[in-house]
Amino acid sequence: GGHARADMLDKPTVKLLYESGCRYLSFGIESGSPIILQNMNKKLNIEKAIDGIKLCKDYGIHPNVTYIIGYLGETLETLKETSSFMEKTGTRNRMFFIMPLPNTVLWNNIYKNGKVIGTTKQFDLEEYIISLGNAYDFVGLNLTDFSDNDLIDLKNRCELGAL
């Protein structure tokens, strides 16, 4: 097993990976939405990623794909695009909530003077850091226009293919 960029795979590479004993590859796709990928500065070609994941399946390599919900700019439409990507690739699974870590580019873009963009209340940085853990669980940092409850509901619906 290992990690790879799905949009960089070709038949000779996947064949060689399989012949070397690889049966599992992880891909941090994060979103099926070009808008969200652009916001993340991900530089991922979605169509090539779909092809790469299908190649893995064709050669008997299990693709484990990770997805994130709640990035800046997330909308119902971007979530539908992610759900569609999951459907096309047969990689529907649990999603992670975005958890910006201090001193990352995203963190530095959202956290200023003790506040997180879009909030009016004082933000307790220490409490947030202590709350970090399993990214499947919502820790209260919502960067979208959805209510917290709606974001949680949308995550569940996207995971089930019910958007």
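Preceding this paragraph is the structure being described.
All of these numbers come straight from a predicted model, not from anything done at the bench.

Asker: Describe the overall build of the protein chain, and please don't skip the residues or the numbers.
Answerer: When helices and strands are tallied, the protein chain shows seven helices and six strands. For the protein chain, with 163 residues in total, the buried portion stands at 39%. Summarising the internal contacts of the protein chain: among those between residues at least 6 apart in sequence, 68% fall at separations of at least 24. Working note: accessible area of the protein chain is about 9100 Å², and carbon and sulfur atoms make up 51% of it. The centroid of the 18 positive side-chain charges in the protein chain is displaced by 5 Å from the centroid of its 20 negative side-chain charges.

Asker: Summarise the pattern of salt bridges; cite the residues concerned and give the values.
Answerer: One pass over the structure, following the stated rule, counts six salt bridges. The closest approach of N and O atoms between Arg5 and Asp7, which form a salt bridge, is 2.9 Å. Accessibility expressed as a relative area gives 10% for Asp7, which makes it buried. When the shortest N-O distance is used, the salt bridge between Glu30 and Lys42 registers 3.9 Å. Residue Glu30 is located in strand S2 (residues 24–30), and its partner Lys42 is located in the loop between helix H2 (34–39) and helix H3 (46–58); the two are separated by twelve residues in the primary sequence.

Asker: How would you explain the side chain of Thr89 if you had to name every residue and give the values?
Answerer: Checked against the element boundaries, Thr89 lands in helix H4 (residues 76–89). We classify Thr89 as buried; its relative accessible area is 3%. Reaching out from Thr89, the side chain makes a polar contact with the backbone oxygen of Met86 at a distance of 3.4 Å. Separated by 2.5 Å, the side chains of Thr89 and Thr91 make a polar contact.

Asker: Let's hear about the environment of Leu143: which residues, and what values?
Answerer: By the secondary structure assignment, Leu143 is in the loop between helix H6 (125–131) and helix H7 (148–160). Through-space distance from the C-alpha of Leu143 to that of Gly1 is 33 Å; in sequence the pair is 142 residues apart. Those residues in contact with Leu143, other than ones at most four positions away along the chain, are Gly70, Leu72, Ile98, Pro100, Leu106, Ile110 and Val116.

Asker: With reference to specific residues and values, describe H3.
Answerer: Across its 13 residues, H3 extends 18 Å between first and last C-alpha, which sits within 8% of the 18 Å expected from 1.5 Å per residue. Regarding H3, the residues found buried are Ile46, Ala49, Ile50, Gly52, Ile53, Leu55 and Cys56. Next to the buried residues of H3 lie helix H1 (11–19), S2, H2, strand S3 (62–69) and H4. At the exit of H3 stands Gly60, carrying a positive phi of roughly 85°.

Asker: Break down the pairing of S3 for me, with residues and values.
Answerer: A regular strand places its side chains on the two faces of the sheet in alternate fashion. One ladder, built from five bridges, connects S2 with S3; its direction is parallel. Bridge assignment links Phe27 to a residue of S3, and that residue is Val65. Across two bridges, the pairing between S3 and strand S4 (residues 96–97) is parallel. When the sheet's bridge partners are listed, Ile69 is paired in S4 with Phe97.

Asker: Tell me what's going on with the environment of Ser131, and back it up with residues and numbers.
Answerer: Turning to its location among the elements, Ser131 is positioned in helix H6. Residue Ser131 is classed as partly exposed on the basis of its relative accessible area of 33%. Sequence-wise, Ser131 and Leu141 are ten residues apart; in three dimensions their C-alpha atoms are separated by 10 Å.

About the cut-offs
- Residues numbered from 1 in each chain as written.
- Predicted model: local features only at pLDDT ≥ 70, side-chain atom pairs only at ≥ 80, totals over all residues.
- Heavy atoms only, no water.
- Helix = DSSP H or I, 4+ residues; strand = E, 2+ residues; numbered from the N terminus.
- Buried < 20%, exposed > 50% of the residue type's maximum accessible area, 1.4 Å probe, protein only.
- Contact = heavy atoms within 4.5 Å.
- Areas by Shrake-Rupley, 256 points an atom, 1.4 Å probe, with all protein chains shown as cover.
- Lys, Arg positive; Asp, Glu negative; His and termini not counted.
- Charge placed at Lys NZ, Arg CZ, Asp CG, Glu CD.
- Salt bridge = Lys/Arg side-chain N within 4 Å of Asp/Glu carboxyl O.
- Polar contact = N/O pair within 3.5 Å; in protein donor to acceptor, adjacent residues only side chain to side chain.
- Expected span 1.5 Å × (residues − 1).
- Pairing = 2+ DSSP bridges.

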